[in-house]
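# Results of the structural survey
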Amino acid sequence: MGTPTRYDFDTVIDRRGTWCVQWDGVADRFGVDGLLPFTISDMDFETAPEVLSALRARLDHGVLGYTTWQQDDFLSAVAHWYETRYGTGIDTGRLVYGPSVLSQLSQLLQMWTAEGEGVVVHTPTYDGFRKAILGLGRDLRGVPVGDAGALERELARADAKVLVLCSPHNPTGRVWTEAELREMAALARRYGVAVISDEIHADFVHDGYVHVPYARVADDGNGDGGGARDGRWAVITSASKSFNFPALTGSYGIVGHPADRVEYLRRMETAEGLASPAVLSLTAHIAAYREGAGWLDAVRAYVTGNLAMVGERLNAAFPELAWEPPQAGYLAWIDLRPLGVDDEALQRVLIEREKVAIMPGSVYGAPGFLRLNVGCARSKAEAGVSALVRGLAAVRG
């Protein structure tokens, strides 16, 4: 897939000094300033020009007062995106809003679980999930990605209350098939477990794979619009990941059961005091979903090239890795265990000698892995892989 020339992803944009977590905050996690970062999952690219144009027009209006998300421009844009991108119709009466996906997750966990009860996740696990679940005093229970037997055993436990599904999966980039999702939905209904599906990486599924929204399978054949037989479920997501505007905040969800939707909104509007969303986030979502598909396809194609480069360089240097690009996303999840390297020694070399910051797998409960963010200009991605190859060679002796 070629990248349209009207979008420039090769030009490096200097993000230093912009309060950027990935660049300016690198010392917070790695203890050293000035490292070349391949860390937190945002991209170094400008967002879509269509989004920037809409934001400028909104700012030109000049009034930034309280606003509402419960209006047709936003609701119809979300419905349009699901219909045109995924061939899935959604009931906009099920939509909710929140400041972030993790905020939505926290609210839903507080609605559907009590302290000490079990929350099931796939391992390796996005660290934001771990922090939210453990921070609320819930019992985090991990099952390996792809192990259906282990998943059923955990869901069958009497105090298992929620399955937190990451779809596509972070950090592995795994895209769940429709059959897998239907099986998970059936298991959840069988054992009375609610499902929260985080689909923030959905728009970045690569060619050859298809994202299936959980909303399509959640009501599987019952047709009663989220009634008791369907069980409790919610989708939480945002355009901010795929269109690269997380600093605007803002996310939305689809809540299956009407009573759960009412309770969620009550909590957000009263206990959290979040009745009015960020108007620029709404503006960005509407523009992205109505006008940004071309940019998204272009940036995804560019990232595909970055990931292919990672594979070529890694496998040429270390054929035993046999590394393959992820099915979704711009995060290269790399299994280094065939090389038998020491994780701490590798991090020391990468930080002290190579001056790069790459997320260790231990952050996600997976020692022996690395997560390399290549949502960036090709030249930066090449520099990161070169540093990694040199670092690996050094620790192997």
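Look up a bit, the structure's there.
These numbers were taken from a predicted model, which means no experiment stands behind them. (Residues numbered from 1 in each chain as written. Predicted model: local features only at pLDDT ≥ 70, side-chain atom pairs only at ≥ 80, totals over all residues. Heavy atoms only, no water.)

### Here we look at the sheet that holds strand β6 (residues 194–198)
One open sheet holds the 7 strands; their spatial order is β2-β8-β7-β6-β5-β3-β4, and the pairing between them is mixed. Whereas interior strands pair on both sides, the edge strands pair on one side only; in this sheet they are β2 (95–98) and β4 (139–144). Adjacent strand axes in the sheet meet at a mean angle of 25 degrees when their direction is disregarded. For β2 and strand β8 (residues 251–255), the ladder comprises 4 bridges, and the chain directions are antiparallel. Across the sheet, the residue bridging to Tyr 97 is Tyr 252, located in β8. Contacts between helix α6 (residues 127–135) and the sheet are confined to β3 (118–123), β4, β5 (160–166) and β6, with β4 contributing the most and set at about 145 degrees to the helix. (Pairing = 2+ DSSP bridges. Helix = DSSP H or I, 4+ residues; strand = E, 2+ residues; numbered from the N terminus. Axes fitted to C-alpha atoms, helices over the stretch in contact; angles between N-to-C directions. Contact = heavy atoms within 4.5 Å.)

### Description of the pattern of salt bridges
All chains considered together, the criterion is met by 22 salt bridges. Across the pair Lys 380 and Asp 44 runs a salt bridge whose closest N-O atoms are separated by 2.7 Å. Here the residue Lys 380 occupies a position in helix α14 (residues 378–396), and Asp 44 occupies one in the loop between β1 (36–38) and α3 (49–61), the gap between them amounting to 336 residues. Assigned by exposure class, Lys 380 and Asp 44 land together as buried. Here Arg 157 and Glu 154 are joined by a salt bridge, their closest N and O atoms 3.1 Å apart. (Salt bridge = Lys/Arg side-chain N within 4 Å of Asp/Glu carboxyl O. Buried < 20%, exposed > 50% of the residue type's maximum accessible area, 1.4 Å probe, protein only.)

### Let's talk about the packing of α3 against helix α11 (residues 279–291)
The N-to-C vectors of α3 and α11 enclose an angle of 140 degrees; their axes lie 8 Å apart at closest approach. Taken as axis vectors, α3 and α11 run oblique relative to one another. Judged by the twist between their axes, the crossing of α3 over α11 is right-handed. Residues Glu 50, Val 51, Ala 54, Leu 55, Arg 58 and Leu 59 of α3 lie in contact with α11, whose contacting residues are Val 279, Leu 280, Thr 283, Ala 284, Ala 287, Ala 288 and Glu 291. (Parallel < 35°, antiparallel > 145°, perpendicular 65-115°, else oblique. Left-handed = near helix turned anticlockwise from the far one by under 90°.)

### Details of the pairing of β4
Every regular strand shows the same layout, with side chains that alternate between the two sheet faces. For β3 and β4, the ladder comprises 6 bridges, and the chain directions are parallel. Within the sheet, the bridge partner assigned to Val 121 lies in β4 and is Gly 142. For the crossover from β3 across α6 to β4, the handedness is right-handed. (Right-handed = clockwise from strand over helix to strand, strands pointing away.)

### Brief notes about the packing of helix α5 (residues 101–112) against helix α10 (residues 258–271)
Look at α5 against α10: their axes get within 10 Å of each other, and the N-to-C directions meet at 120 degrees. For the element pair α5 and α10, the recorded crossing hand is right-handed. Between α5, through Ser 103, Gln 104, Gln 107, Leu 108, Gln 110, Met 111 and Trp 112, and α10, the contact on the second element is made entirely by Asp 260, Glu 263, Tyr 264, Arg 267 and Met 268. Along the lines of polarity and charge, the residues of the contact of α5 with α10 split into 5 nonpolar, 4 polar and 3 charged. (Nonpolar A, V, L, I, M, F, W, Y, C, P; charged D, E, K, R; others polar.)

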